[in-house]
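Results of the structural survey
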Amino acid sequence: MRLSQAFLPVLKESPTDAQIVSHKLMLRSGLVRQTAAGIYAWLPLGYRVLKKIEGIVREEQDRAGAIELLMPTLQSAELWRESGRYDAYGPEMLRIRDRHEREMLYGPTNEEMITVIFRDEARSYRDLPRTLYHIQWKFRDEVRPRFGVMRGREFLMKDAYSFDLDEAGARQSYYTQLLAYLRTFQRMGIRAVPMKAASGPIGGDLSHEFIVLAPTGESEVFYDAEYEGMDWTQSGLSYGDAVGLQALFDRIGQTYAATDETHEETRWAEVPGERQRQGRGIEVGHIFNFGTKYSEAMGFRVSGPDGAMVTPQMGSYGIGVSRLVGAIIEASHDEAGIVWPEAVAPWRVGLVTMRGDDAASVAAAGDLYDKLTSAGVETLYDDRDERGGAKLAGMDLMGLPWQLIIGPRGLAQGTAELKDRRTGEKQELSLESALARLTA
RNA sequence: CGGGGAGUGGCGCAGCCUGGUAGCGCAUCUGCUUUGGGAGCAGAGGGUCGCAGGUUCGAAUCCUGUCUCCCCGACCA
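You'll find chain A entered in an unreviewed UniProt entry as Proline--tRNA ligase, with uncultured Sphingomonas sp given as the organism. Note on chain A: under the UniProt heading Subunit (unreviewed entry), the record states "Homodimer." Under the Function (unreviewed entry) heading, UniProt states for chain A: "Catalyzes the attachment of proline to tRNA(Pro) in a two-step reaction: proline is first activated by ATP to form Pro-AMP and then transferred to the acceptor end of tRNA(Pro)."

Put into structure tokens, the structure is as follows:
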């Protein structure tokens, strides 16, 4: 993308409404614009990031065997009366009436709908197990939206729902999602630690929150530094490996991690002092098993292998996709702006000419831009008639992982400057080797 | 929901107390000079002062109502 043709509004000063760093940076770098309390429009830059995150979530869900579908944002009140939650849910549910005075709602979650959709088709134990998911906008009428996109009223969420014949199967489904989550967050370049959450109905151990560490997090967290060395993507653990998944679950159970709500001083004391990590965290995912709560209430039963009717076990698994945009920024930024992990960066390379009036620079940059683009390297080329310094400041703010800087000074030696946004490290490279480096 | 604060060009703010017809910085546009980390000078454009009533010769300013947004707390992907 050539910046001169783009829609990437950047602000020098933060609007006063923004209080926390991710919100300020999102507004300044033109990721989002607020349209009402807790409701945001995603501008091109932010939308690119959102889609990157969504893409990783989708790939990892698919890999874990979950099946994607798409359910609507608007739901009928009738559906929620079946589970008894229409009256129980309270004012956080946005209720709407259509022209026929029918009661509708903007979905805050989809347990009811998925249960009905799956119930109406699944007849036999042979239809199980299944995990279905969608990535869809949700609305929760928060009393007090804040922190920008991290506590919005409308937000994009991946929610998966598992259906199993029995508790053992439900545990497998749970473990599968647990591993998928660990891999998902690791791929995004953030450290999300699974922490035991308030107990689910089957045993006390089947609910975890995934917390990203960031100084501005909302809750206090405690965890064993062991988590810092754990690599989930390279482990080679297969989703079909029941023993391996159990071992993974046991390992997580044994390695201490808790929020202030579930913190246990006695267990914490057993963690060696040098491994104790304490800080603040943002919840980006939550998984839990709720047994037959909805299947029971909504009359979902299938024929078991022995001919007897069985009420399936269910679990649900959420990832706050739009929240992650803010959470990643909270976890990865500096004084100059955002520092995107490569996997979620809106573009990989920011190409800058220091002197827009230098024909040789413009020609070289145009050539590099064409080559990078045709090599499939996502490149944002700042070809505007601006001073070099202003462009570089803008690149720092936007946080693209690599800056490729072209100017007459370097060109005289046949070089360009390649800057690593994260470390600030700069290298003078020949144009060819810079290109090779970025297309590698 | 309880408590607090704020609405004035795109962004950040002043003016309000003590009414006299709106100003500053940044941004934008034009010109000139500049150009390796947010340039300088000169000029220009852009605002029904959130909205609705009221008081007054006259309201951004005073009064009443209303809407919106933000912050602190209790709750949450």
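There's more to say after this.
Details of the overall build of chain A
Of regular secondary structure, chain A possesses 15 helices and 23 strands. The C-alpha radius of gyration of chain A comes to 24 Å, within 12% of the 22 Å expected for a compact globule of 440 residues. Its C-alpha atoms put chain A at 80 × 60 × 40 Å along the principal axes. Sequence-distant contacts in chain A: of pairs separated by 6 or more residues, those separated by 24 or more amount to 71%. Surface summary for chain A: the accessible area is close to 19,400 Å², and the carbon and sulfur share equals 49%.

Some points on the environment of M1
Turning to its location among the elements, M1 is positioned in the segment before helix 1 (21-28). The class of M1 is partly exposed, set by a relative accessible area of 39%. Each C-alpha atom of the pair M1 and G350 lies 9.8 Å from the other, and the pair is 349 residues apart in sequence. For M1, the contacting residues outside a window of four places in its chain are A6, W347, Y369, T379, L380 and Y381.

Overview of the packing of helix 2 (residues 44-63) against helix 11 (residues 321-331)
Running from amino to carboxyl end, helix 2 crosses helix 11 at an angle of 115°, the nearest separation of the two axes being 9 Å. The orientation of helix 2 relative to helix 11 falls into the category roughly perpendicular. In this structure, the crossing between helix 2 and helix 11 has a hand that is right-handed. Mapping the contact onto sequence places V49, L50, I53, E54 and V57 in helix 2 and V321, S322, L324, V325 and I328 in helix 11. In terms of residue class, the contact of helix 2 with helix 11 is made up of 8 nonpolar, 1 polar and 1 charged.

Quick word on the pairing of strand 20 (residues 379-382)
Judged by which residues are buried, strand 20 turns out to be covered on both faces: T379 and Y381 on one side and L380 and D382 on the other are all buried. Pairing of strand 19 (residues 349-353) with strand 20, which is carried by 4 bridges, proceeds in the parallel orientation. Across the sheet, residue V349 finds its bridge partner in strand 20, namely T379. Following the backbone out of strand 19, through helix 12 (residues 359-374) and into the adjacent parallel strand 20, one traces a crossover that is right-handed.

Here we look at the nonpolar core
In terms of nonpolar packing, the biggest core is built from 77 residues, with I53, F185, M188, V325 and W340 touching the most fellow members. The dominant element in this core, judged by the number of residues it contributes, is helix 6 (residues 167-187), at 8 residues. Not counting chain neighbours up to four residues away, the residues in contact with V325 comprise M26, L31, W42, V49, L50, I53 and W340. In this structure, M71, Y86, M298 and F300 belong to the second largest nonpolar core, which totals 22 residues.

Here's the deal with the protein's contact with RNA strand B
In the vicinity of RNA strand B, 46 residues are found, and the nearest of them are R144, R151, R355, D396 and R409. Contact distances for RNA strand B include 2.3 Å between a base nitrogen and a side-chain N or O atom of R151. The separation between a base oxygen of RNA strand B and a polar main-chain atom of G410 is 2.8 Å. Within the residue set of the surface near RNA strand B, elements represented by two or more residues are strand 1 (32-36), strand 13 (276-291), strand 16 (313-320), helix 13 (388-398), helix 14 (408-411) and strand 22 (415-420). The greatest single-element share of the surface near RNA strand B, amounting to 5 residues, is contributed by helix 13. For the surface near RNA strand B, the class distribution of residues is 15 nonpolar, 11 polar and 20 charged.

Some points on the domain arrangement of chain A
Segmentation of chain A into domains returns domain 1 (3-71 + 110-338) and domain 2 (347-439). If you average the C-alpha positions of domain 1 and of domain 2, the two centres end up 36 Å apart. Opposite the 16 residues of domain 1 that make contact, domain 2 presents 13 residues. Between domain 1 and domain 2, the buried area comes to about 1,300 Å², and carbon and sulfur atoms account for 58% of it. Summed over the three residues of domain 1 that lose the most area to domain 2, namely L3, R48 and I338, the buried surface amounts to 40% of that side. At the junction of domain 1 and domain 2, the tally comes to 3 salt bridges. The shortest N-O distance in the salt bridge between R48 and E378 comes to 3.4 Å.

Topic: the sheet that holds strand 5 (residues 94-97)
In space, the 3 strands of this open sheet follow the order 4-6-5, with antiparallel pairing throughout. Strands with a single pairing partner mark the edges of an open sheet, and in this sheet they are strand 4 (74-76) and strand 5. For this sheet, the mean inter-axis angle between neighbouring strands, taken without regard to orientation, is 35°. As paired elements, strand 4 and strand 6 (residues 103-106) share 3 bridges and run antiparallel to each other. Looking at the pairing, Q75 lines up with L105 of strand 6.

Points about unusual backbone geometry
A negative phi angle characterises most non-glycine residues, just as the trans form characterises most peptide bonds. The residue after L128, namely P129, is reached through a cis peptide bond having omega -5°. Within the secondary structure, P129 is located in the loop between helix 5 (111-119) and strand 7 (130-139). Residue E101 is not a glycine yet carries a positive backbone phi of 65°. Counting through the fold element by element, E101 comes out in the loop between strand 5 and strand 6. Relative accessible area serves as the criterion here: at 51%, E101 is assigned to the exposed category.

Cut-offs and rules
- Residues numbered from 1 in each chain as written.
- Chains lettered and ligands numbered in written order.
- Predicted model: local features only at pLDDT ≥ 70, side-chain atom pairs only at ≥ 80, totals over all residues.
- Heavy atoms only, no water.
- UniProt positions renumbered as here; feature names shortened; annotations may be inferred.
- Helix = DSSP H or I, 4+ residues; strand = E, 2+ residues; numbered from the N terminus.
- Rg over C-alpha atoms; globule rule 2.2 N^0.38 Å.
- Contact = heavy atoms within 4.5 Å.
- Areas by Shrake-Rupley, 256 points an atom, 1.4 Å probe, with all protein chains shown as cover.
- Buried < 20%, exposed > 50% of the residue type's maximum accessible area, 1.4 Å probe, protein only.
- Axes fitted to C-alpha atoms, helices over the stretch in contact; angles between N-to-C directions.
- Parallel < 35°, antiparallel > 145°, perpendicular 65-115°, else oblique.
- Left-handed = near helix turned anticlockwise from the far one by under 90°.
- Nonpolar A, V, L, I, M, F, W, Y, C, P; charged D, E, K, R; others polar.
- Pairing = 2+ DSSP bridges.
- Right-handed = clockwise from strand over helix to strand, strands pointing away.
- Core = buried A, V, L, I, M, F, W, Y, C linked by side-chain atoms within 4.5 Å.
- Near = heavy atom within 4 Å.
- Polar contact = N/O pair within 3.5 Å; in protein donor to acceptor, adjacent residues only side chain to side chain.
- Domains from an automatic or database assignment.
- Buried area = accessible area lost by both parts, 1.4 Å probe.
- Salt bridge = Lys/Arg side-chain N within 4 Å of Asp/Glu carboxyl O.

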